[in-house]
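What follows is the residue order along each chain.
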Amino acid sequence: MERRAFLNVSSLALGTMLLPAFGRAIAAEELLKPVALQFKKMLADTALTAATQAGASYCDVRVGRYLNQFITTRDLNVENVVNTESAGVGVRVIAGGAYGFAATNDMTPDGVAAAARQAVAIAKANAKLQTEPVILAPVKGVGEVAWATPIVKDWRTVAIKEKADLLIAANKAGMEGGASFMQSLLFQVNQQKYFASTDGSYIDQDLHRLWMPVFATAVDQKTNKFRSRQGLSSPVGMGYEYLDARPEHKIKAAGGVTTLYTKSYDLIEDARAAGKQAKQKLTAKSVEPGKYDLVLSPEHMWLTIHESVGHPTELDRVLGYEANYAGTSFATLDKWQSKKFKYGSDMVNIVADKTTPGSLANVGYDDEGVKCKRWDIIKDGILVNYQATRDQAHIIGEKESHGCSYADNWSSVQFQRMPNVSLQAGKKKMTPDEMVKDVKKGIYIVGDGSFSIDQQRYNFQFGGQLFYEIKNGKIGEMLEDVAYQSNTQEFWNACAGLCDERDWRMGGSFFDGKGQPSQVSVVSHGSSTARFNGINVINTARKIG
């Protein structure tokens, strides 16, 4: 892992580590208690009035209620069940050309007005040091509107016992499949976000997300060697219906080596496969290092896209604003300005959006009240755009924000965060099996694993979950100790094949860290199975000397 806090939940203890930061513990029954819309509007209007009277030229208010339920299990035991709530108001203003921000959990008119006045005072103090005023791209007020994640089954209405029983059944299946130890977790999130601004917007949003990571570990009792296999589910912006597995949402990986999932997930089936494959990895052949053509499944591709395209095209990173913590970017403005920088091969088309149904970043409006949309980042291999917020748009000649502003809590100030960034499917009809037929010496990789990437998002190394040899157009035996190394431009210019839209699906991160103080966001990345030619593969088990 790099120094930046990319919280890819690969540690069995991480679920427990994260829980205290999410708010106060509450009873499960309290999750369903609503907050009246008129109450939220009253608080927002109070803050807007107080801020403008104190001298703010602009003000936005976020009234937030953030609900979470986390269930963790190990083997046949429930380890923890936690329900949390965090509620309060964040106020951001511009005064004297500078930002100010303050937040409070005192959800009374007096408390909110005091926070608004404090935000203005902070802005005025900042203005004395600021050399250039904040320039906001215009946003037309939308009045009173509402948006909600389309869900069929609200996780808050499902009994905790039913969920815990499902996780225990998955662990049991994994151990029956061959795992020595199993852990499964269920993260469930409901964000109730109300945004208001002096632009004339009053936006009420109800957002739902969930994720169910599974970890299978197999141990050779004679040698104490151990291997693991994580679940192949994706975190989603959906309701609990994602766990109502449907046959039409299951597909076979290339060569039939495992089952993969699209719009719903069979947790027990995947846990059983995880146990079996973790055990198989104990005796899998160690890879011979060298150059290979890689066939990468979407379950793997999402992380490579995230690290080598998503982060380097964040405009604040490009401008150096994140250099102290998250790093900078090789994708500098001069490369974009040239209009001919070859980020990838001609078939590489990468888009950003926050509109894809079921994705983690899918919302109606961002945390600056900007209606979300879709735009190109890489077009026919050429770098054509970045990810920008209202105060960044003018820097790259854009007339409006991309809608990339996000705060992880009412108490956090919003700033530029990654939208869904996805590789578009190939235009030519092609299945993963058809792609494999043309590969003479290659490796098929399914699932994400460990990774390392430098602070400019250029030189990198990626592992995975499952590796299979490809020899003369056929999937062969399982491999182990595989990681590939490249640099971003070389790698994406080696893209030589993309399966069509029938194979396109999304993976993503439930805990993507950035900023100081650090915030976490959620983001999905889609692709179809992709081929990259002549990539350097190393053996991670070999030692020097």
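Residues numbered from 1 in each chain as written. Predicted model: local features only at pLDDT ≥ 70, side-chain atom pairs only at ≥ 80, totals over all residues. Heavy atoms only, no water.

Below, the discussion takes up the overall build of the protein chain. When you go through the protein chain residue by residue, the secondary structure sums to 10 helices and 29 strands. Over its C-alpha atoms the protein chain spans a radius of gyration of 24 Å, differing by no more than 12% from the 24 Å that the globule rule assigns to 545 residues. On the principal axes, the C-alpha backbone points of the protein chain span a range of 75 × 60 × 45 Å. Classification of the 545 residues of the protein chain by burial places 59% in the buried group. As presented, the protein chain carries roughly 21400 Å² of accessible surface, and 52% of it is formed by carbon and sulfur atoms. Computing the positive centroid from 63 side-chain charges and the negative centroid from 59, the protein chain places the two 3 Å apart. (Helix = DSSP H or I, 4+ residues; strand = E, 2+ residues; numbered from the N terminus. Rg over C-alpha atoms; globule rule 2.2 N^0.38 Å. Buried < 20%, exposed > 50% of the residue type's maximum accessible area, 1.4 Å probe, protein only. Areas by Shrake-Rupley, 256 points an atom, 1.4 Å probe, with all protein chains shown as cover. Lys, Arg positive; Asp, Glu negative; His and termini not counted. Charge placed at Lys NZ, Arg CZ, Asp CG, Glu CD.)

This part is about the packing of helix α2 (residues 37–53) against helix α3 (residues 109–127). Running from amino to carboxyl end, α2 crosses α3 at an angle of 35°, the nearest separation of the two axes being 8 Å. You can see that α2 and α3 cross each other, and the crossing is right-handed. Between α2 and α3, the contacting residues are M42, L43, T46, A47, A50 and A51 on the first element and P109, V112, A113, A116, R117 and V120 on the second. By residue class, the composition of the contact of α2 with α3 is 10 nonpolar, 1 polar and 1 charged. (Axes fitted to C-alpha atoms, helices over the stretch in contact; angles between N-to-C directions. Left-handed = near helix turned anticlockwise from the far one by under 90°. Contact = heavy atoms within 4.5 Å. Nonpolar A, V, L, I, M, F, W, Y, C, P; charged D, E, K, R; others polar.)

Taken as a whole and assessed by the stated rule, the structure comprises 22 aromatic pairs. Following the ring pairs from residue to residue traces out a cluster consisting of F451, F460, F462, Y484, F491, W492 and F532. Here the guanidinium or amino end of K41 rests over the ring plane of Y202, the centre of that ring lying 4.5 Å away. (Phe/Tyr/Trp six-rings, centres within 6.5 Å; stacked < 30°, edge-to-face > 60°. Lys NZ or Arg CZ within 6 Å of the ring centre and 35° of its normal.)

All right, on to the packing of helix α4 (residues 160–177) against helix α5 (residues 267–281) then. Direction vectors running N to C along α4 and α5 enclose 30°, while the axes themselves pass 7 Å from each other. Here α5 runs roughly parallel to α4, going by the angle between their axes. For the pair α4 and α5, the crossing hand works out as right-handed. The segment α4 lies against α5, with L166, L167, A169, A170, A173, G174, E176 and G177 engaging L267, I268, A271, R272, G275 and K276. Of the residues belonging to the contact of α4 with α5, the class tally is 8 nonpolar, 3 polar and 3 charged. (Parallel < 35°, antiparallel > 145°, perpendicular 65-115°, else oblique.)

The next subject is the pattern of salt bridges. Close approach of charged atoms allows side chains of opposite charge to pair. Evaluation of the coordinates by the stated rule reveals 33 salt bridges. When the shortest N-O distance is used, the salt bridge between D266 and K250 registers 2.8 Å. Note that D266 is positioned in the loop between β11 (259–261) and α5 and K250 in strand β10 (residues 250–252), a separation of 16 residues in sequence. Linking D438 and R531 is a salt bridge whose minimum nitrogen-to-oxygen distance equals 3.3 Å. (Salt bridge = Lys/Arg side-chain N within 4 Å of Asp/Glu carboxyl O.)

Here we come to the sheet that holds strand β19 (residues 420–423). Ordered in space as β16-β15-β14-β19, the 4 strands form an open sheet in which the pairing is antiparallel. The strands lining the two open edges of the sheet, one partner per strand, are β16 (382–383) and β19. Taken together, the 4 bridges between strand β14 (residues 350–353) and β19 define a ladder with antiparallel strand orientation. Pairing of V351 across the sheet is with S422, part of β19. Its contacts with the sheet place helix α6 (residues 298–310) against β14, β15 (374–379) and β19, and it is angled at close to 110° to β19. (Pairing = 2+ DSSP bridges.)

Of all residues in the protein chain, 96% attain a pLDDT of 70 or more, and the chain-wide mean is 95. In the model, residues 1–20 has pLDDT below 50 throughout and makes 56 contacts with residues more than four positions away in sequence or in other chains. (pLDDT = per-residue confidence, 0-100.)

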